[in-house]
Amino acid sequence: MGQFTSRGGRLSSGVRPRVRFSSDGEGCHRFPEIFQIPSTISASDMESSDSGRRGSRVELRRSSVFSTLDLEYYASSVPPRGRPSLADLYNSFYGLEVGDEAASTKTANVPVAHKVDGPQGNAAGKFGWMTGVMFPCMLNMWGVILLLRLSWITSQAGIVLTWLIILMSMMLTSVTALSISAIATNGRVTSGGLYVLISRSLGPEIGAPVGVLFSFANTVACALSTVGFAEVASGLMQEFGAVMVDSVNDVRIVGVITVTGLLLISLAGVKWTSKTHILFFMFVYLVSFSNYFVGTLLPPGPEKQAKGIFGYHGDILISNLKPAWRGADASFIQMFALFFPSTIGVLSGVNMCGDLKDSASAVPKGTTLGIFWTTITYLAISATVASCVVRDASGDIGHVLSGNLTESCVALGCDLGWNFTDCIESQSCDYGLANTFKVPGYVAGFYYLNTAGVFVATLSSALGFLVSAPKIFQCLCRDNLYPFIGFFAKGYGKHDEPLRAYILCYVISVAFVLIAELNSLAALITNFFLCCYCLINFSCFHASITNSHGWSPSFQYYSKWTALFGAVISVVLMFLFTWWAALITCCVIFFLFGYVSYNKPEVNWASSVQAGLYNTALSYSVSLLCVEDHVNNFRPQCLVLTGPPNQRPALVDFVGTFTKNISLMICGDIIMEQERETRPQNATERLVKWMNKRKVRSFYTPFSADCLRAGARHLLQASGLGKLKPNTLVLGFKSNWRESSPEGTEDYINTINDTFDSNYCLCILRMMDGLDVFDQFHYEVNQGFEPDESVDSKVQQSPARAPAEDISTTEDGDQVKTVFQDDQGKKNIDVYWVADDGGLTLLVPYLLTRRKRWRHCKVRIFIVGDEHNMEAGRNEMMSLLTRFRLDFDDVIVMTDTEKPPLAKNLSRFLDSVAPFRQHEEQQQDVSDQELRPRAPGKISDKEYEAFKLKSERKVRLNEIIRRNSQQATLVLVSLPVPQRDCPSALYMSWLDTLTCGLHCPAVLIRGNQQNVLSFNCQ
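All values reported here derive from a predicted model rather than from experimental measurement.

1. Some thoughts on the overall build of the chain
And step 1. On a plain count of helices and strands, the chain comes out with 34 helices and 14 strands.
And step 2. By the burial criterion, 51% of the 1018 residues in the chain qualify as buried.
And step 3. A fraction of 79% describes how many contacts in the chain between residues 6 or more apart in sequence connect residues 24 or more apart.
And step 4. Counting only carbon and sulfur atoms, one obtains 56% of the accessible surface of the chain, whose full area is about 47,900 Å².

What follows is the structure in structure tokens.
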């Protein structure tokens, strides 16, 4: 094959380099001189014969099956199929070990190079930075405010404050544009515009409300622009006497017809929409603006002078520099609020991201230049109109001064040859900057041409909003974050046009057009856009401070502090403009935010919130290292040996009940070495999803080991991070200890010993119906915790652990409900505190009663005492609980624990240990130390006699428990600590005896003999 080649010179935008891979004679790959990762790979030589081409392909499959490079690998967070796994690389031998057939199969899945004839992205509907970004921004910012309200704002605020308003508004818009540019250049942006930018930056919780509000605001903004057009049109109709019904209904009729026409243009396709925008832009820029500026240079005639238009005069400019507030509501803030909606069009270019050739370069360039030219336009028009027109004029040609000035003539008109004193004093002037919105039209060379410019400006804004709103809403619907909106996600045609969303936006726009009075909603819409500005800037700031490598925008001319400044200013302006509208906006945002947060959609967009959570968790974890342990801050941080958590839901629910939101919980799954090969790669992910669906706040840690003890020992040592380290081990009870092998029982007991050696607390949960799941699902056995008697028959059929594929059988089905998920009502929690362990036996039931399902339960404490001092012992214990601030209901002193057990109960205990007895005549003069290795699990007569008294006390305590706690919902008993010389079978019989005969869950619990409760506050 030919050697590596690369085309020299610079590559134009959108052109993918073509690189040929081959191997030299020794089978080693040769790399290109220019080390650029190619997006495609040419696997054939076009100039060779057919047979040579086939041979080349086979050779490529053999030699480079594991070296194929493709940029598509990096286009998605989903692992690519064509890339070989580490196992493939590890098992290969000089690239040939996997076999030709396997290599061919793998290569077939790899994208093969295709010829690129020219720059990609020239398909219909793809625009550059001018037609796709700058023109839409400028057209949507040139609206009714510019041609109908700017002159009036100038008359109120004066030139200086008007320029200040314009510059402040554009400053905030520019800061937002910088943030938009940074976010838009941080990776490939598809359709969805602002919604995609926010949701993929801050996550679905923030992005989804913004998507709803922004699409709704664009829809209503379309209606507002349409109503502006309809009002001007109806005014013209009244001037010519062409009234259809009345002024209000005429606005409604014209508005509905206009919106319908805009809808038809939108349905014609995005490319035709863009052509329409270009025509609008050329008309506005070359004709309407030229008409206005030419009009300012033309000498005004008597009719124009009567309306206060005198051309450029220094005296007029000076008089209009200062503000002249008129009206009760006239103020700087009100003028600012009136002007600011003209800046919302800056987001129009971002909404077209999915239709741009290269959004990374188009958005920054087009948005920045669009803001620059519109700012120049606003400044120029405000300055020129205030230099040519006085504030007050009568419009009456008879008010011209024919002789000398008199003392009765006031105001600037007197110096210009006109006497407007009467209308000024009576405040009845109909013309001038302060009295009419049509001043730019009067100043223009041709009035009706300027009116046509108003038509074009309003229609272009309405069309831009109508095009962007459905695309944003379609993208939101496809993410399926809210119910009942998936119907509008469907697209049609090769450009995936959201026809259904167009119809919805059309209906909403028509509904608001029919109102014909939208002044109150205008403030709310302004707040919607200000809220969007705030979230855009906050997204940029938040992404910057997380220091994630995923945040690396190619646009570098931004600052996180300017982004934060823009976010704060946006919030301030929201409440300064209209506080009630700001409250409504915030309420809507919080409601939509709460819905998404509660439902927790299964999306992973690598948002800055995720990066921030990691940074926060890491920072606080490190900070905890400097915090010294204190008894008042003790929390039972539990390592729970559950095996696969979905196989022991009761064990998971029990620990999750008292650890959720207050302490650490880790579900440890000890995987035997022989099961590792059959365990699927996504087993961990499935089990974590199962816990999340069950709303269990726990980590899941699988660990491979040869036996239960080895795995538990390593988990005890290595689990956790810093201070977030378990201090309590939770086990399930080994119910089949009688049928288990001696080694299995010994392994279980040694795990308990290792727990205490590691200074851990210990809990053992026994469910009378067993812990394992279940009859209706595929059964799985953890060799460390063998199943209960109730499912023993199934275990005998499958004594080894089932294939790992079965561990997620309950993931997609119904969650198995356990007793710990039920409301416990007013039942009793009985605590048999027969050994002082530091207070853990008291702390766990207290934590349980703080939960909603357990809060009404009564906690009874049983302690050991003698009959003569029973009342004193009870009072002492009550005082202790009071000083511990534990609100328990009753303390019962057990005075009969020293009595011998009943004969039938003692006989039952003897029968349970009889199979493990090794009588003296069977020992054949072998000592107990020598007997244990030869006969593991056996109990010699000497050992039995040594622990006889303890055994009888366990039987007696069980009698007391069964007598007092048959109706309890949970029983906690102090766990006896195993002594080194105690046989494992005898110890297991103690645990079995203590908890047998109960109809509720039983917990054997023991602290590590260190205080977990304290009297003191420090």
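Continuing now.
2. What to know about the state of the cysteines
And step 1. In the structure shown here, the tally under the stated rule is one disulfide.
And step 2. In this model Cys531 remains outside any disulfide bridge; the closest cysteine sulfur is found in Cys532, 5.9 Å from its own.
And step 3. Take Cys531: its relative accessible area is 11%, and that puts it in the buried class.
And step 4. Free cysteine Cys763: the closest other cysteine sulfur is in Cys638, separated by 6.4 Å.
And step 5. Looking at Cys763, the relative accessible area reads 2%, which means it is buried.

3. Observations concerning the pattern of salt bridges
And step 1. Scanning all chains against the criterion turns up 20 salt bridges.
And step 2. When salt bridges with common partners are traced through the structure, they connect Asp896, Arg956, Glu959 and Arg963 into a single cluster.

4. Some thoughts on the side chain of Asn320
And step 1. Along the chain, Asn320 turns up in the loop between helix H11 (314–319) and helix H12 (332–339).
And step 2. Engagement of the side chain of Asn320 in a polar contact is seen with the backbone oxygen of Ala386, the distance being 2.7 Å.
And step 3. Among the polar contacts listed, one links the side chain of Asn320 to the backbone oxygen of Val389, at a separation of 3.0 Å.
And step 4. Setting aside anything within four residues of it in sequence, one finds Asn320 in contact with Gly158, Ile159, Ala386, Val389, Arg391 and Leu433.

5. A few points about a nonpolar patch on the surface
And step 1. Residues Val571, Phe575, Trp579, Trp580, Leu583 and Ile584 make up a contiguous nonpolar surface patch of roughly 550 Å² in combined accessible area.
And step 2. Tracing the backbone through its elements, the reader meets Phe575 in helix H19 (residues 560–577).
And step 3. A residue is classified by how much of its surface remains accessible, and Phe575, at 35% relative accessible area, is partly exposed.

6. Some points on helix H16 (residues 447–478)
And step 1. The first and last C-alpha atoms of H16 sit 48 Å apart over 32 residues, in line with the 46 Å expected at 1.5 Å per residue.
And step 2. Most of H16 is tucked away, with 28 of its 32 residues classed as buried.
And step 3. One or two residues past the end of H16 sits Asn480, with phi positive at roughly 55°.

7. Things to note about the sheet that holds strand E8 (residues 828–832)
And step 1. Pairing is mixed in the open sheet, where ten strands are placed in the order E5-E4-E3-E6-E7-E14-E13-E8-E9-E10. If you trace the sheet from one side to the other, it starts and ends with strand E5 (699–705) and strand E10 (890–894), each paired once. Going from strand to strand, the sheet's axes swing by 20° on average, the running direction of each strand aside.
And step 2. Here strand E13 (residues 970–974) pairs with strand E14 (residues 1002–1006) via four bridges, running parallel. Note that in E14 the partner of Val973 across the bridge is Leu1004.

8. Some details on the packing of aromatic side chains
And step 1. Within this structure, the stated rule accounts for 35 aromatic pairs.
And step 2. Centroid distance Trp152 to Phe437: 5.9 Å. Interplanar angle 85°. Geometry classified as edge-to-face. Note that Trp152 is positioned in helix H5 (residues 144–184) and Phe437 in the loop between helix H14 (421–426) and helix H15 (439–443), a separation of 285 residues in sequence.
And step 3. Since its relative accessible area comes to 37%, Phe437 is described here as partly exposed.
And step 4. Judged by centre distance (5.4 Å) and plane angle (70°), the ring pair of Phe654 and Phe658 falls under edge-to-face. Here Phe658 and Phe654 lie together in helix H22 (residues 649–659), a separation of four residues that amounts to about one turn. For the pair Phe654 and Phe658, one class covers both residues: buried.
And step 5. Through pairs of rings, three or more aromatic residues link up here, namely Phe240, Tyr431, Tyr442, Phe446, Tyr447 and Tyr448.

Scoring rules and cut-offs
- Throughout this description, residue numbers start from 1 for each chain and increase along the sequence as written.
- Since the coordinates come from a predicted model, pLDDT governs what is reported: local features require at least 70, and pairs of side-chain atoms require 80 or more to be given and counted, while whole-chain, interface and lining totals use all residues.
- Excluded from the side-chain calculation are hydrogens and water; included are all heavy atoms of the structure.
- Numbering of helices and strands runs from the N terminus, with a helix taken as a DSSP run of H or I at least four residues long and a strand as a DSSP run of E at least two residues long.
- Each residue's exposure class comes from its accessible area (1.4 Å probe, protein chains only) as a fraction of the maximum for that residue type: buried when under 20%, exposed when over 50%, partly exposed otherwise.
- By definition in these notes, contact holds between two residues if any of their heavy atoms fall within 4.5 Å.
- Methods summary: accessible areas were calculated by the Shrake-Rupley approach with a probe of 1.4 Å, and residue burial reflects only the protein chains presented.
- Disulfide assignment relies on a single distance test, namely cysteine sulfur atoms paired within 2.5 Å.
- We define a salt bridge as a contact between a side-chain nitrogen of Lys or Arg and a carboxyl oxygen of Asp or Glu at a distance within 4 Å.
- We define a polar contact as two N or O atoms separated by no more than 3.5 Å, with the added condition that, inside protein, one atom must be a possible hydrogen donor and the other a possible acceptor, whereas residues neighbouring each other in sequence contribute only through side-chain atom pairs.
- Each patch is built from salt-bridge-free residues with over 30% relative accessible area, joining like charges within 9 Å and nonpolar side chains (Val, Leu, Ile, Met, Phe, Trp, Tyr) within 5 Å.
- The length a helix should cover is 1.5 Å for every residue beyond the first.
- Strand pairing is defined by DSSP finding a minimum of two bridges between the two strands.
- To obtain each axis, a line is fitted to C-alpha atoms, and for helices this fit is confined to the stretch in contact; angles are then taken between N-to-C directions over 0 to 180 degrees.
- Pairs were defined over the aromatic rings of Phe, Tyr and Trp, the Trp ring being its six-membered one, requiring ring centres within 6.5 Å. Orientation was assigned from the angle between planes: stacked under 30 degrees, edge-to-face over 60, tilted for the rest.

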